[in-house]
Amino acid sequence: MESRNNVIYFVLLGLTQNPKEQKVLLVLFLFTHLLTPVGNLLIIVTLAVNKTLNSPMYFFLASLSYMDVTYSTSITPRLISELLFQEKHISFESCMTQLFAGHIFAGSGVFLLQVMAYDRYVAICKPLHYLVNMRQRVCVVILVLSWVGGLLHSVIQLCTVYGLPFCGPNVTDHYMCDMYSLLELVSTDIYIIGILVVANGRLICSIMFLLLLISYGVIPHSQKNLSQEGRWKAHQTCGSHITVVVCFFVPCIFMYARPAKTFPNDKSLSVFCTVITPCSAH
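Residues numbered from 1 in each chain as written. Predicted model: local features only at pLDDT ≥ 70, side-chain atom pairs only at ≥ 80, totals over all residues. Heavy atoms only, no water.

The chain is annotated in an unreviewed UniProt entry as Olfactory receptor from Bison bison bison.

Structure (structure tokens):
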């Protein structure tokens, strides 16, 4: 795979050009970036040490925490560096690496959220079959498939962009290497490419979100024979996961399941997905 361009670096204008706003954002993102790995790693260590928390649900929760740490780390340090040192240049290779890393971790997280919804469905609707359907080997295979799904999604995105001709402008009004902002710099017609990118993003975001809604729509139906206490426990178990799903998928759908062009709110939504959500998801 060989790129066809004479652009050796991109200029990312960042979130804002206002010095006061940059200082506020720097403090906020530094705090969030420190809190994200500490909080998520604390979850992983707690689940690993406490032998009573060895159910599939906690196994997937630990995996999701790891994905949140890696996803945030692939984006946030570059953002903090830009605010601190005003370094707006990023090499072509580094840009492609960031694009690949962001999509593989985010894509794997999308598939894992679907797996966690299925786990809750089996636990609540078919409790007698839970230990059989969600035994350790099955959980490991499902987790590997989630990573494979994220990898395939990321490879498709990277291959779509990498071989395109970047021969002219290299300045983009964003703080990271995003698909749509990069496509606007391509020196050729991107109509067909845009359709492929939207189809890929829509397939991951919209279809998975629909499946998640169906999964959580079926659960209340199966609670008719449960006691009041059982229903409350089921709602409590699913509530936090539904919150994570909504916080992650709604911005994701807006950003990627639409025409391949940038919108004014893209940077704010990207910050919410890449910085805020990994810190507050659990």
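The structure having been displayed, the exposition proceeds.
J.: Describe the packing of helix α3 (residues 92-125) against helix α5 (residues 136-162), naming the residues involved and giving the relevant values.
T.: At a minimum axis separation of 7 Å, α3 and α5 run at an interaxial angle of 145°. Crossing geometry of α3 relative to α5 is assigned as right-handed. Taken together, the residues that form the contact of α3 with α5 break down as 17 nonpolar, nine polar and no charged. (Axes fitted to C-alpha atoms, helices over the stretch in contact; angles between N-to-C directions. Helix = DSSP H or I, 4+ residues; strand = E, 2+ residues; numbered from the N terminus. Left-handed = near helix turned anticlockwise from the far one by under 90°. Nonpolar A, V, L, I, M, F, W, Y, C, P; charged D, E, K, R; others polar.)

J.: I'd love a proper account of the UniProt feature "transmembrane region" (unreviewed entry) in the chain, names of residues and values included.
T.: The UniProt entry lists residues 24-45, 100-118, 138-156, 190-218 and 238-257 under the feature "transmembrane region" (unreviewed entry), expressed in the numbering used here. With 100% helix and 0% strand, residues 24-45 has its two end C-alpha atoms placed 32 Å apart. With 100% helix and 0% strand, residues 138-156 has end C-alpha atoms that lie 27 Å from one another. (UniProt positions renumbered as here; feature names shortened; annotations may be inferred.)

J.: Please give an account of the sheet that holds strand β3 (residues 171-172) that cites residues and values.
T.: With mixed pairing, the three strands of this open sheet are ordered in space as β2-β1-β3. Strand pairing shows two members of the sheet lacking a second neighbour, β2 (89-91) and β3, which therefore form its edges. Where strand β1 (residues 9-12) lies against β3, two bridges are found, and the strand directions are parallel. Bridge pairing in β3 links Val11 to Val171. Most of the contacts of α3 go to β2, to which it runs at about 85°, and overall it touches β1 and β2. (Pairing = 2+ DSSP bridges. Contact = heavy atoms within 4.5 Å.)

J.: So what's going on with a nonpolar patch on the surface? Which residues, and what values?
T.: Together, Leu203, Ile207, Leu210, Leu211, Ile214 and Val218 give the surface a local cluster of nonpolar side chains, amounting to about 500 Å² of exposed area. In this structure, Ile207 sits in helix α7 (residues 191-221). (Patch = residues over 30% accessible without salt bridge, like charges linked within 9 Å, V, L, I, M, F, W, Y side chains within 5 Å. Areas by Shrake-Rupley, 256 points an atom, 1.4 Å probe, with all protein chains shown as cover. Salt bridge = Lys/Arg side-chain N within 4 Å of Asp/Glu carboxyl O.)

J.: Pulling in residues and values, what's your account of the nonpolar core?
T.: Ranked by size, the top nonpolar core spans 32 residues in total, and within it Phe60, Leu112, Met134 and Phe249 carry the most contacts. Contributing elements (two or more residues each) for this core: α2 (56-85), α3, α5, α7 and α8 (228-256). When residues in this core are grouped by element, the largest group, 12 residues, is from α3. Apart from the residues within four sequence positions on either side, Phe249 is in contact with Val110, Leu113, Ile204, Cys205, Met208, Phe209 and Leu212. Formed by 24 residues, the second largest nonpolar core is a distinct cluster that contains Val7, Leu158, Leu164 and Tyr180. (Core = buried A, V, L, I, M, F, W, Y, C linked by side-chain atoms within 4.5 Å. Buried < 20%, exposed > 50% of the residue type's maximum accessible area, 1.4 Å probe, protein only.)

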